[in-house]
Every structure is written in C-alpha cells, then in structure tokens.
Amino acid sequence: MSCREYDHYIQLYVDQEISEADRRKLLEHTRTCPACRRELKEMVALVSSMEDVQQEIRKEAPFQFNGLFKWVAVCTVAVSFAYLVIPFTKQSLFVKDDPIPVQPMQHSVLVLAGQEETLHIPQDDSIRIVHPEQWSEELYKSEAALVYPSAYSFLLEKSRPWSDYTKRFVFVRVPDEQTLASLLTYIGTKVESLKGLSDIQYPTSIMINLDETIEYETFAFPEKERDISNLFERISSEPSVSEPRLH
Ligand SMILES: [Zn+2]
C-alpha cells in the first residue's frame with residue numbers, strides 16, 4: 001500500500017471510524033514511515049485542539065466576539081485540511097488507553113522475570129522489567145521481549161495473550177525441547193517452522209525474529225554484566241536477516 005492510501009486510514013482513524021484490522025495496518029505502517037507517522041500525529045493534535053476550542057466555545061455565549069474569533073480560527077485550520085471531513089459532534093476522540101503511535105516503545109525491550117530472579121540487566125530507559133504479577137496486556141506492546149525461566153510457568157499455565165506487536169522474543173535458558181515447543185506455540189509459532197531445532201543442546205537461550213520468515217539463533221546466555229549489555233544492544237537493534245549467528 002502507498003502512503004497516499006494510508007491518508008485515508010488516517011482520516012478514518014481520527015474520525016474513530018477505522019476497523020481494528022485497518023487500525024493495526026496503519027499503526028504498523030507508521031512505525032516504519034516517518035511521513036505518515038508525522039501526519040497522523042499532526043492530525044490527532046489538530047483534531048484534539050479543535051475539540052478543545054469547541055468546548056471553550058460551548059462555554060461562552062455564541063455571538064461573543066471572542067467566540068466568533070475562535071470559530072474563524074477553527075474554520076481556517078479546517079479549510080487548510082479540507083480533504084478531511086472532521087465531525088464536530090464527536091465527544092472525545094481518543095480514549096486514554098489508545099496512545100498515539102509515535103514510536104511509543106521503539107527498540108524497547110521488555111523483560112519478563114519473576115522477582116526472585118537475579119538479572120544483571122543494564123540500566124537503560126529502553127529496557128523495562130516487568131514481573132508476572134504486574135501483567136497487563138498494554139505493557140506487553142514492546143518491540144522485543146526477553147523472558148526469564150522464572151516467568152515461563154506463568155506464561156504457559158495461564159496462556160496469557162501476548163501482543164503481536166512484539167517481533168522478537170528471547171527465551172533465556174530454556175531447559176528442554178518440550179518447554180521450547182510450548183513457548184513457540186505460545187508466541188504463535190510451530191516447532192516445524194524452525195529448521196534444525198533437533199540439533200539444539202539444552203539448556204539453551206534462543207532469540208527468535210518473527211517475520212514472514214522466522215529467524216532464530218541459539219546461544220549461551222552470558223553471565224557477565226558487560227556481555228549482557230552487549231546482548232541487550234543486539235536485542236534492541238533492528239532485526240536483520242543477515243545477522244551472524246551468535247554461535
Ligand atoms: Zn507512509
């Protein structure tokens with residue numbers, strides 16, 4: 001789809017008339033297209049500010065100069081975006097839990113681990129540690145996720161849905177093939193889609209990129225803090241097909 005076609009989606013988005021499927025498509029596109037991201041952000045800001053003005057106007061007498069002046073300002077802005085039909089009757093455009101997708105957690109890594117686990121994870125704003133008891137679906141919208149063994153049973157027993165926003169999973173020290181198979185099923189992948197899995201020596205750590213073709217690599221999870229830092233840099237980097245295997 002071209003950016004031109006996404007214009008239409010942006011319009012539907014601000015009108016709150018977009019279907020869930022199209023909304024996902026649009027948000028997916030805005031993650032990689034700065035132009036559309038900017039436009040979406042601007043449109044949302046514009047419509048929100050118009051709503052504010054509209055509310056101000058409702059509070060005031062309709063024919064006061066001040067109110068009229070604001071209407072002129074609103075109309076001027078509206079005309080400059082004449083290709084958009086913005087309904088003035090909408091009460092609120094965005095609910096609080098529907099954040100504007102301005103790279104909300106770009107390159108972020110969510111770490112899921114039990115509180116008892118010692119992590120040695122670098123201090124970094126892009127890394128967020130969450131314990132299973134803090135589960136909320138909103139939280140799990142990260143580009144990459146690293147799951148420690150102490151969280152496996154939580155995921156697998158309760159089969160919590162993980163947002164399909166996450167494109168890279170790292171499972172730390174997977175003890176055996178059965179656990180790996182369960183984890184793969186959990187993230188919507190089948191063992192058969194990963195070639196060469198039968199050669200793996202357990203326990204193993206595994207990084208999986210979910211794309212049209214699923215890439216994975218197994219590695220020994222580092223013990224030293226500095227090596228863990230390097231690993232996190234890799235986890236938060238753009239997925240690339242040509243990345244060398246860790247070993
Ligand atoms: Zn675009």
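My aim in this report is to walk through the structure given alongside it, one point at a time. Keep in mind that what you see is a predicted model, and the values were worked out from it rather than measured. (Residues numbered from 1 in each chain as written. Predicted model: local features only at pLDDT ≥ 70, side-chain atom pairs only at ≥ 80, totals over all residues. Heavy atoms only, no water.)

**Re the overall build of the chain**
Thinking step 1. Within the chain, the regular secondary structure consists of 7 helices and 6 strands.
Thinking step 2. Helices and strands appear in the chain in the N-to-C order α-α-α-α-β-β-β-α-β-α-β-β-α.
Thinking step 3. Contacts in the chain between residues at least 24 apart in sequence constitute 61% of all its contacts with a sequence separation of at least 6.
Thinking step 4. For the chain, the accessible surface area stands at approximately 14,400 Å², while carbon and sulfur atoms represent 53% of it. (Helix = DSSP H or I, 4+ residues; strand = E, 2+ residues; numbered from the N terminus. Contact = heavy atoms within 4.5 Å. Areas by Shrake-Rupley, 256 points an atom, 1.4 Å probe, with all protein chains shown as cover.)

**What about the pattern of salt bridges?**
Thinking step 1. In total, this model carries 6 salt bridges according to the counting rule given.
Thinking step 2. Linking Glu20 and Arg24 is a salt bridge whose minimum nitrogen-to-oxygen distance equals 3.5 Å. Of this pair, Glu20 and Arg24 are both found in helix H2 (residues 20-32), 4 residues apart, which corresponds to roughly one turn of the helix.
Thinking step 3. For Arg24, a relative accessible area of 43% puts it in the partly exposed group.
Thinking step 4. Salt-bridge contacts for Glu28 lead to Arg31; the nearest nitrogen and oxygen are separated by 3.4 Å. Of this pair, Glu28 and Arg31 both sit in helix H2, 3 residues apart, which is roughly one turn of that helix.
Thinking step 5. A relative accessible area of 38% places Glu28 in the partly exposed class.
Thinking step 6. One connected set of salt bridges, linked through shared partners, spans Glu20, Arg23 and Arg24. (Salt bridge = Lys/Arg side-chain N within 4 Å of Asp/Glu carboxyl O. Buried < 20%, exposed > 50% of the residue type's maximum accessible area, 1.4 Å probe, protein only.)

**Some words on the pairing of strand E1 (residues 109-112)**
Thinking step 1. Across the two faces of E1 the burial is the same, with Val109 and Val111 and Leu110 and Leu112 all buried.
Thinking step 2. With 4 bridges connecting them, E1 and strand E2 (residues 127-130) associate as parallel partners. Bridging from a neighbouring strand, Val111 pairs with Ile129 of E2.
Thinking step 3. As judged from the 4 bridges shared by E1 and strand E3 (residues 144-147), these two strands associate in the parallel manner. Looking at E3, one finds that Leu112 is bridged to Val147. (Pairing = 2+ DSSP bridges.)

**Considerations on the packing of aromatic side chains**
Any two aromatic rings considered together are summarised by their centre-to-centre distance and by the angle between their planes.
Thinking step 1. Tallied over the full model, the rule gives 5 aromatic pairs.
Thinking step 2. Between Tyr152 and Phe171 the ring centres are 6.1 Å apart and the planes differ by 70 degrees, which places this aromatic pair in the edge-to-face class. Of this pair, Tyr152 sits in helix H5 (residues 152-158) while Phe171 is found in strand E4 (residues 168-174), placing the two residues 19 residues apart along the sequence. The same class applies to Tyr152 as to Phe171, namely buried.
Thinking step 3. Note on Phe219 and Phe221: the rings are 6.4 Å apart at their centroids and 35 degrees apart in plane angle, and the pair reads as tilted.
Thinking step 4. With relative accessibility at 7%, the residue Phe221 sits in the buried group.
Thinking step 5. Taken together, Tyr148, Phe219 and Phe221 form an aromatic cluster joined through their ring pairs. (Phe/Tyr/Trp six-rings, centres within 6.5 Å; stacked < 30°, edge-to-face > 60°.)

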